Amino acid sequence: MAKQQYYMEYKIHKNRPGLLGDIASLLGMLEVNIMTINGVEDRTRGMLLQTDDEEKIVLLGKMLQKVDNITVNKLRTPTIVDILAVRHGRYIERDSDDRKTFRFTRDELGILVDFLGEVFKREGNQVIGLRGMPRVGKTESIIAGSVCSNKRWTFVSSTLLRQTVRSQLSEDEMNDNNIFIIDGIVSTIRSNEKHYSLLQEIMAMPSTKVIEHPDIFIKESQYDYSHFDMIIELRNTPDEEITYESFTANYSDNEF
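Residue positions within a chain follow its written sequence, with the count starting from 1. pLDDT decides what is reported in this predicted model: residues at 70 or higher carry local features, side-chain atom pairs at 80 or more are listed and counted, and totals for whole chains, interfaces and linings draw on all residues regardless. Note that the side-chain values use all heavy atoms of the structure and ignore hydrogens as well as water.

*Asks:* How do you make sense of the sheet that holds strand β6 (residues 101-105) when you look at a structure like this?
*Replies:* Each strand in a sheet pairs with its neighbour through backbone hydrogen bonds, running either in the same direction (parallel) or in the opposite one (antiparallel). With mixed pairing, seven strands are arranged side by side in an open sheet as β5-β6-β13-β7-β12-β11-β8. Single-partner strands in this sheet number two, and they are β5 (93-94) and β8 (153-155). When checking whether two residues touch, look at their non-hydrogen atoms; a contact exists if any pair is within 4.5 Å. A fitted line through C-alpha atoms represents every axis, and for helices the fit uses only the stretch in contact; the resulting angles, taken between N-to-C directions, go from 0 to 180 degrees. Here a helix means four or more residues in a row that DSSP labels H or I, a strand means two or more in a row labelled E, and each is numbered from the N terminus. Of the strands in this sheet, β7 (126-132), β8, β11 (179-183), β12 (208-212) and β13 (230-235) are in contact with helix α5 (residues 138-148), which crosses β8 at around 150°. Any two strands are treated as partners once DSSP identifies two or more bridges connecting them.

*Asks:* Which parts of the structure should I look at to understand the nonpolar core?
*Replies:* Within soluble globular proteins, side chains that are nonpolar generally end up buried alongside one another. Of all hydrophobic cores here, the largest spans 31 residues; its most connected members are Phe104, Phe115, Phe120 and Ile232. Put simply, the parts of the chain that give this core at least two residues each are α3 (80-88), β6, α4 (109-120), β7, α5, β11 and β13. Once residues lying within four places of it in the same chain are set aside, the contact partners of Phe104 are Ile92, Ile111, Leu112, Phe115, Ile232, Glu233, Leu234 and Arg235. Throughout this description, the term nonpolar core refers to a set of buried Ala, Val, Leu, Ile, Met, Phe, Trp, Tyr and Cys residues connected via side-chain atoms within 4.5 Å. The buried label applies to any residue whose accessible area, calculated with a 1.4 Å probe on protein chains only, is under 20% of its type's maximum; exposed applies above 50%, and partly exposed to all values in between. Within the second largest apolar cluster, 16 residues are counted, among which are Tyr6, Leu27, Met47 and Leu60.

*Asks:* Explain the environment of Arg135 to me, please; I cannot follow it from the model alone.
*Replies:* Structurally, Arg135 can be placed in the loop between β7 and α5. When the C-alpha positions of Arg135 and Asn236 are compared, they lie 9.3 Å apart, and in sequence the two are 101 residues distant.

*Asks:* Just checking my understanding: could you explain α3 for this structure?
*Replies:* Along an α-helix, residues three or four apart share an orientation, since each turn contains 3.6 residues. α3 sits mainly inside the fold: seven of its nine residues count as buried. Among the residues making up α3, those that are buried are Ile80, Val81, Asp82, Ile83, Leu84, Ala85 and Val86. Phi for Gly89, located one or two positions after α3, is positive at around 80°.

*Asks:* Before we go on, may I ask you to explain the packing of α3 against α4 in this structure?
*Replies:* Each pair of packed helices can be summarised by the angle the axes make with each other and by the distance between the axes. Packing of α3 against α4 brings their axes to within 10 Å, and their N-to-C directions diverge by 145°. The chirality of how α3 crosses α4 is right-handed. Contacts between α3 and α4 involve Ile80, Leu84, Arg87 and His88 from the first element and Ile111, Asp114, Phe115, Glu118 and Val119 from the second. Of the residues that constitute the contact of α3 with α4, the class distribution is five nonpolar, one polar and three charged. Should the near helix be turned counterclockwise from the far one by less than a right angle, the crossing is left-handed, whereas a clockwise turn marks it as right-handed. Gly counts as polar in this scheme, as do all residues outside two lists: the nonpolar Ala, Val, Leu, Ile, Met, Phe, Trp, Tyr, Cys and Pro, and the charged Asp, Glu, Lys and Arg.

*Asks:* Can you help me understand the packing of α4 against α5 in this one?
*Replies:* Where α4 meets α5, the closest approach of the two axes is 7 Å, and the angle between their N-to-C directions is 55°. Our classification of the angle between α4 and α5 gives oblique. Considering only the axes of α4 and α5, their crossing is right-handed. Between α4 and α5, the residues in contact are Leu109, Leu112, Val113, Leu116, Gly117 and Phe120 and Ser141, Ile142, Ala144, Gly145, Ser146 and Cys148, respectively. Oblique is the label for any angle not covered by the other classes, which are roughly parallel (under 35 degrees), roughly antiparallel (over 145) and roughly perpendicular (65 to 115).

*Asks:* I tried to follow the pattern of salt bridges on my own but got confused; where do I start?
*Replies:* Close approach of charged atoms allows side chains with opposite charge to pair. Throughout this description, the term salt bridge denotes a Lys or Arg side-chain nitrogen within 4 Å of a carboxyl oxygen of Asp or Glu. One pass over the structure, following the stated rule, counts 17 salt bridges. With its nearest N and O atoms 3.9 Å apart, the salt bridge here joins Glu9 to Lys74. Of the two residues, Glu9 is situated in strand β1 (residues 4-12) and Lys74 in strand β4 (residues 70-76); the sequence distance between them amounts to 65 residues. Judged by its relative accessible area of 5%, Glu9 is buried. One salt bridge in this structure joins Glu93 and Arg103, with 3.7 Å as the shortest N-O distance. One end of the pair, Glu93, is in strand β5; the other, Arg103, is in strand β6, and 10 residues separate them in sequence. On the accessibility criterion, Glu93 (44% relative accessible area) is partly exposed. Residues participating in the shared-partner salt-bridge network are Glu93, Asp95, Arg103, Arg131, Asp215, Glu233 and Arg235.

*Asks:* Could you clarify how one ought to interpret helix α2 (residues 54-64) in this entry?
*Replies:* Buried residues of α2: Lys56, Ile57, Leu60, Gly61 and Leu64, and no others. Around the axis of α2, the buried residues are gathered within 140° of arc, so they sit on the same side. The exposed set on the far side of α2, more than 90 degrees from its buried face, consists of Glu55 and Lys62. Turning to α2, the residues buried within the fold contact β1, α1 (19-29), β3 (44-51) and β4. You can read the cap of α2 off the contacts: a side-chain oxygen lies 3.0 Å from the backbone nitrogen of Glu55, and it is on Asp53. In this description, one arc is meant: the one made by directions from the helix axis to the C-beta atoms. What qualifies as a polar contact is a pair of N or O atoms within 3.5 Å, subject to a donor-acceptor requirement within protein and to the restriction that residues adjacent in sequence count only when both atoms come from side chains.

Have a look at this one:
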């Protein structure tokens, strides 16, 4: 069996001397490798583990249930959120009601770029919405995430390049491995028939599409919320309200 990674997270009830050493020794005896370790939020520790024997992970979980000083919260195949929690020492904020919505603030752009880089590495069709006010760093984060994932990005519509509205793409640009960047306002309110036809073709491709201003895109197009695999919200401050009236009513090149 090939080596697989697992994420283990445990809450520390009593941080006695030697606790981490005891757990590391147990992992060593089971020949389970510790790939990454970090504190994750208050009195919580996360580890990325690696082994070629899944039964060892099951056994590890049962053994750690008998350790009074800790409680194992998670022992599973790692998600992107798990990987970033260990890497950055904190969990990404998610909406408690809508679990596919992730929240970031401008001072967390490094984590957002890392997050997008991991998401963009996935193959196949995925549609990602990115909410945020003008000049908060939406497009820049998408481009940086594309670089992190070693993928090429293609602007289908954008205000970064003076209201770009593409009506056709080259054969090289129409590559399933590319990251397609779409401005939801430009592509619906400021587009033409040829552009919308291209947009429909891209939306049907087995590729990654990132749509800025997804709420306007949903309102003004045939697509709905179910088409989105993930929604990301980027704010200048945690309490900033994302509204569209102020920059859709008087739309201009300089507003975004």
